[in-house]
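Single-letter residue listing:
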Amino acid sequence: MSSGVVAQRGKARRIPIHRTLPRFVTNPYAVLDEVGREAGGEVVRLELGLFRPYLLTHPDHVQRVLRDNSDNYIRGGRFWRPLRHLFGDGILGEDGNGWEHSRKTLQPSFTRKYLDSLLVRIGEAVHAAVEELDGAALSGVPLDVGEEMRRIVSRTAVEVLFADQISAADARRVVEAVDTIGTSVVLRMSLGVAAKSVPVPGDRAYWRAVRTVDEVMVPLVRQAQRGPTDGTDILAILSRARGEDGGELTDAQVRDDIVAMFVTANETTSVMLTWLWPVLQAHPEVAQRLYDEVDRVVGGRPIQHAEVAELNYTQAVLDELLRLYPAAWIFTRLVRRADVVGGVPIKGGSTVLLSPYITHKLPQFWDRAGDFDPERFLASRRARLHRYAYFPFGGGPHQCIGKYFYQLKAQVIVATILSRYRPTLDGGGIPRPAVAASLRPGRRIEMTLSPVERRLAA
Ligand code: HEM
């Protein structure tokens, strides 16, 4: 595309994307790659017909929005409104609607120290879920990678969020519903349509999926609210929590937060772990180094607490995966008052877009930006990075609350799988991303596992 970047002194450069709108709808990532290259880190204004958001990609600009002047850039507006049916008013609500209180309530359960104390339980849940692949590994039956990653990831989420209060069948229903929501809500989000009365393609699947989430979650919440336990799972913690007025939380408040946590915990992690396998297949030298590290540190045993800290290369692979395939590929803020960013005036009431997908590949900050090279995240090289050249988890007050939970369970899942099997993929290469709320592979990926000798009875 020649995006037709138009430069004007003291103003954001304009990029008239509406001319390439059909392509933007079918493959926004290709358009974003081109826009990112042309913008080169400068503030640009995307012309999408009547909607003209600013796109901020330079790490200094991202830092201003997310951290330094974050009060002026709030979560809300056209992109967030459609999500309200699903997430309500809690931790993933628009700013000002109970978010702060939800964040304070949930934060202690997502600290490194607290999650480390759950490692044995997380490890056992992962081990049990991974062991179920033994049959397929012994018979050589190909597996649907996306489906298996969702299944394994949801076991850890269920363990931490619900203890044993949700059945495997119900958890699966919600995970499938969330999968549907991820693709069916995109058009509502891009059009900024929240009202149920306005029909949008994909609606039927979307509403059905939102109903499924509630059919499973609401009875669980009611039961927990009627008889709160002293458990350490998130549902129990929310049921015991006090509201801003000192009273109990309402069923709706607990529902909004538990749904938000369950959806984000499953969707992001399973999407990342689905990307991992085709990327490893395309980079055999990286795969070999990863296998060697897992063999050396974990061997064939269930993973132990101290071993997680030794999985440095595994962590670097996961970090690099998030650089090139950031699950949260774009997110937005509503501008409250006019501001100036990078010398360019930003209008009050407008929308800014931040895209880790673009910033993570800016050539000023990344050598050989398109190459998959986990070494760039090993301690010696990482120190030189601008904090906001890499922001897969956002930053500032809304920084991802589940960042460490993700890192921990992704490491445990990868190490557990590789301690038992070696993967071979269908040979289709690395898929193109699909249009969805998170950056998902655009096709089904099949993988065959072969047992690592002597390990399956471990
Ligand atoms: C690869 C994994 C993940 C990625 C890439 C990711 C990305 C992000 C990003 C970019 C934000 C900031 C959004 C914004 O500023 O508007 C965010 C916020 C959030 N994430 Fe994650 N996330 C991941 C895993 C998780 C997990 C496992 C959980 C749940 C345990 C989670 C729960 C949340 C919540 C609740 C917020 C909202 C925080 C707030 O507004 O205070 N995320 N995440």
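Before reading further, recall that the structure is shown in the block above.
Computed from a predicted structure; not experimentally measured.

Q: I'd like to hear about the site of the ligand, residue by residue, with values.
A: The environment of the ligand is made up of 28 residues, and the closest members are R75, W99, R333, H398 and C400. Contact distances for the ligand include 2.6 Å between an oxygen atom and a side-chain N or O atom of R333. A distance of 2.5 Å is found between an oxygen atom of the ligand and a side-chain nitrogen or oxygen belonging to H398. For the shell around the ligand, the elements supplying multiple residues, two or more each, are α5 (99-106), α14 (251-282), β7 (331-335) and α20 (403-420). Take the shell around the ligand: its biggest share by element is six residues, from α14. Taken together, the residues of the shell around the ligand sort by class into 18 nonpolar, six polar and four charged.

Q: Summarise the packing of aromatic side chains; cite the residues concerned and give the values.
A: In this description, an aromatic ring pair is defined by two values, namely the gap between the centres and the angle between the planes. In total, this model carries 11 aromatic pairs according to the counting rule given. Relative to F377, the ring of W366 has its centre 6.1 Å away and its plane inclined at 45°; by these criteria the two rings are tilted. Placement of the pair is W366 in the loop between α18 (356-359) and α19 (379-382) and F377 in the loop between α18 and α19, with a sequence separation of 11 residues. Accessibility classification places W366 together with F377 in one group, the buried group. Taken together, the ring pairs in this structure connect Y29, W329 and Y357 into an aromatic cluster.

Q: Provide a residue-level description of the pairing of strand β11 (residues 421-425), including the pertinent values.
A: A regular strand carries its side chains on alternate faces of the sheet. For β11, the buried fraction is high: four of the five residues fall into the buried class. Relative to strand β14 (residues 446-451), β11 runs antiparallel, the two sharing five bridges. Bridging across to β14, L425 finds its partner in M447.

Q: So what's going on with helix α15 (residues 284-297)? Which residues, and what values?
A: The end-to-end C-alpha distance of α15 is 20 Å, a good match for the 20 Å that 14 residues give at a rise of 1.5 Å each. When α15 is considered as a whole, its buried residues turn out to be V286, A287, L290, Y291, E293, V294 and V297. Projected onto a plane normal to the axis of α15, the buried residues spread over an arc of 165° and lie on a single side. Exposed side chains of α15 directed beyond 90 degrees from the buried face belong to P284, E285 and R296. Looking at the buried positions of α15, the neighbouring elements they touch are α14, α16 (305-308), α17 (312-324), α20 and β11. Just downstream of α15, G299 is the residue with a positive phi angle, here 65°.

Q: Any chance you could break down the coordination of the iron atom of the ligand for me, citing the residues and the numbers?
A: Looking at the iron atom of the ligand, one finds just one donor atom contributed by the protein, C400 (SG), at 2.3 Å. Structurally, C400 is set in the loop between α19 and α20.

Q: Can you lay out the pattern of salt bridges for me, pointing to particular residues and giving the numbers?
A: Following the criterion strictly, the structure yields 29 salt bridges and no others. With a shortest N-O distance of 3.8 Å, E47 and R14 are connected by a salt bridge. Within this pair, whereas E47 is found in the loop between β3 (44-46) and β4 (54-56), its partner R14 is found in strand β2 (residues 11-15), the two being separated by 33 residues in sequence. E47 sits in the buried class, given a relative accessible area of 12%. Across the pair R255 and D214 runs a salt bridge whose closest N-O atoms are separated by 2.7 Å. Of this pair, R255 sits in helix α14 while D214 sits in helix α12 (residues 203-226); the two residues are 41 residues apart in sequence, bridging distant segments of the chain. Under the relative-accessibility criterion, R255 is labelled buried at 9%. What emerges from the salt-bridge pattern is a single network uniting E132, E148, R151 and R155.

Q: So, the packing of α15 against α17: which residues are in play, and what are the values?
A: Contact pair α15 / α17: the axes reach a minimum separation of 8 Å and the direction vectors enclose 140°. One element, α15, and the other, α17, form an angle in the oblique class. The hand of the α15/α17 crossing is left-handed. Contact residues: α15 offers V286, R289, L290, E293 and V294, while α17 offers N312, Y313, T314 and V317. Of the residues that constitute the contact of α15 with α17, the class distribution is five nonpolar, two polar and two charged.

Here is what the cut-offs are and how they apply
- Residues numbered from 1 in each chain as written.
- Predicted model: local features only at pLDDT ≥ 70, side-chain atom pairs only at ≥ 80, totals over all residues.
- Heavy atoms only, no water.
- Near = heavy atom within 4 Å.
- Polar contact = N/O pair within 3.5 Å; in protein donor to acceptor, adjacent residues only side chain to side chain.
- Helix = DSSP H or I, 4+ residues; strand = E, 2+ residues; numbered from the N terminus.
- Nonpolar A, V, L, I, M, F, W, Y, C, P; charged D, E, K, R; others polar.
- Phe/Tyr/Trp six-rings, centres within 6.5 Å; stacked < 30°, edge-to-face > 60°.
- Buried < 20%, exposed > 50% of the residue type's maximum accessible area, 1.4 Å probe, protein only.
- Pairing = 2+ DSSP bridges.
- Expected span 1.5 Å × (residues − 1).
- Arc of directions from axis to C-beta.
- Contact = heavy atoms within 4.5 Å.
- Donors = N, O, S within 2.8 Å, 3.2 Å for Na, K, Ca; no water.
- Salt bridge = Lys/Arg side-chain N within 4 Å of Asp/Glu carboxyl O.
- Axes fitted to C-alpha atoms, helices over the stretch in contact; angles between N-to-C directions.
- Parallel < 35°, antiparallel > 145°, perpendicular 65-115°, else oblique.
- Left-handed = near helix turned anticlockwise from the far one by under 90°.

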